[in-house]
Amino acid sequence: MASHLVFFVFMLIAAIVPAIRATGKEFIVGDEAGWGLGFDYQAWAYGKKFHVGDKLVFQYYPGAHNVFKVNETGFQNCIRPPATEALTTGNDTIVLATPGRKWYICSVGQHCKKGMKLFLTVLPQAVKSTPAPYATPYTPQGV
Ligand SMILES: *[C@@H]1O[C@H](CO)[C@@H](O)[C@H](O)[C@H]1NC(C)=O
Ligand SMILES: *[C@@H]1O[C@H](CO)[C@@H](O)[C@H](O)[C@H]1NC(C)=O
Ligand SMILES: [Cu+2]
């Protein structure tokens, strides 16, 4: 009897957990420091696990900075891509849509050269977002 209840609770949790994970985590880049100068974004990203479906939010005073998604060369040499538009709202949300390596820089002045750049690796989605099957209802026995 008690073991049935434990099984039911387990099934319930197993059905709920993937639904929570699938909504994606939100990362405020730099946490309280936000997106700015004098912050080590590689240290910030180190040890964090980014998955497809998670979001990055770059927060800064609008006009003071911007966000460009660049390739590896652009990241290393601080080259802003001519064709792409910068994100400039000061609350720029990027959904990590594909796995792989991603690079972001600020193109204002010498900010990128001074270290205002972020590199991270996006992992595939941790749990499939397909709806979990319903748990089998607990049926009392020997009543
Ligand atoms: C990287 O981006 C620059 C534009 O900023 C472009 O000229 C270059 O071809 C790109 N390199 C690769 C390997 O895609
Ligand atoms: C910033 O963006 C996030 C995610 O899109 C949103 O939840 C939040 O309300 C925004 N904050 C401000 C101050 O606009
Ligand atoms: Cu900047």
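The name recorded for the protein chain in an unreviewed UniProt entry is Phytocyanin domain-containing protein, from Hevea brasiliensis.

Chemist: Go over the coordination of the copper ion (ligand 3), please, and point to the residues and values.
Modeler: In an ideal tetrahedron of four donors about a metal, each angle is 109.5 degrees. In an ideal octahedron of six donors, the angles are 90 or 180 degrees. Around the copper ion (ligand 3), the protein contributes the donor atoms His65 (ND1), Cys106 (SG), His111 (ND1) and Met116 (SD), which lie 2.0 to 2.6 Å from the metal centre. One way to put it: the 4 donor atoms around the copper ion (ligand 3) meet at angles of 91 to 132 degrees, and that makes the site tetrahedral. Mapped onto the sequence, the donors of the copper ion (ligand 3) take the spacing H-x40-C-x4-H-x4-M. Of the two residues, histidine 65 sits in the loop between β3 (55-59) and β4 (68-70) while histidine 111 sits in the loop between β6 (100-105) and β7 (117-123), which places them 46 residues apart along the sequence. Grouping residues by exposure puts histidine 65 and histidine 111 together as buried.

Chemist: Describe the site of ligand 2, and please don't skip the residues or the numbers.
Modeler: The environment of ligand 2 is formed by Glu26, Asn91 and Thr93. Contact distances for ligand 2 include 2.4 Å between an oxygen atom and a side-chain N or O atom of asparagine 91. Relative to its free-state accessible area of 360 Å², ligand 2 is covered by the protein chains to the extent of 34%.

Chemist: Break down the packing of aromatic side chains for me, citing the residues and quoting the values.
Modeler: For the structure on display, the rule yields 9 aromatic pairs. Geometrically, the ring pair formed by phenylalanine 27 and phenylalanine 50 is tilted, given 4.6 Å between the ring centres and 55 degrees between the ring planes. Of this pair, phenylalanine 27 sits in strand β1 (residues 26-28) while phenylalanine 50 is found in strand β2 (residues 50-51), placing the two residues 23 residues apart along the sequence. You can call phenylalanine 50 buried: its relative accessible area is 2%. Taken together, a centroid distance of 6.2 Å and an interplanar angle of 55 degrees make the contact between phenylalanine 75 and phenylalanine 119 tilted. Separated by 44 residues along the polypeptide, phenylalanine 75 in helix α3 (residues 72-77) and phenylalanine 119 in strand β7 bring together distant segments of the chain. The class of phenylalanine 75 is buried, set by a relative accessible area of 12%. A network of ring pairs unites the aromatic residues Trp35, Phe39, Tyr41, Phe58 and Tyr104 as a single cluster. Across the ring face of phenylalanine 75, the terminal group of lysine 117 is positioned such that the distance to the ring centre comes to 4.4 Å.

Chemist: Talk me through the state of the cysteines; I want residue IDs and the actual numbers.
Modeler: Within this structure, the stated rule accounts for 1 disulfide. Paired through a disulfide, cysteine 78 and cysteine 112 show a sulfur-sulfur distance of 2.0 Å. Around the S-S axis, the bridge from cysteine 78 to cysteine 112 shows a dihedral of about -80 degrees and counts as left-handed. Pair noted here: cysteine 78 is in the loop between α3 and β5 (91-95) and cysteine 112 is in the loop between β6 and β7, with a separation of 34 residues, a long-range link. Judged by relative accessible area, cysteine 78 falls into the buried class, the value being 18%.

About the cut-offs
- Residues numbered from 1 in each chain as written.
- Chains lettered and ligands numbered in written order.
- Predicted model: local features only at pLDDT ≥ 70, side-chain atom pairs only at ≥ 80, totals over all residues.
- Heavy atoms only, no water.
- Donors = N, O, S within 2.8 Å, 3.2 Å for Na, K, Ca; no water.
- Tetrahedral: all angles 85-135°; square planar, octahedral: opposite > 155°, others 65-115°.
- Helix = DSSP H or I, 4+ residues; strand = E, 2+ residues; numbered from the N terminus.
- Buried < 20%, exposed > 50% of the residue type's maximum accessible area, 1.4 Å probe, protein only.
- Near = heavy atom within 4 Å.
- Polar contact = N/O pair within 3.5 Å; in protein donor to acceptor, adjacent residues only side chain to side chain.
- Areas by Shrake-Rupley, 256 points an atom, 1.4 Å probe, with all protein chains shown as cover.
- Phe/Tyr/Trp six-rings, centres within 6.5 Å; stacked < 30°, edge-to-face > 60°.
- Lys NZ or Arg CZ within 6 Å of the ring centre and 35° of its normal.
- Disulfide = S-S within 2.5 Å.

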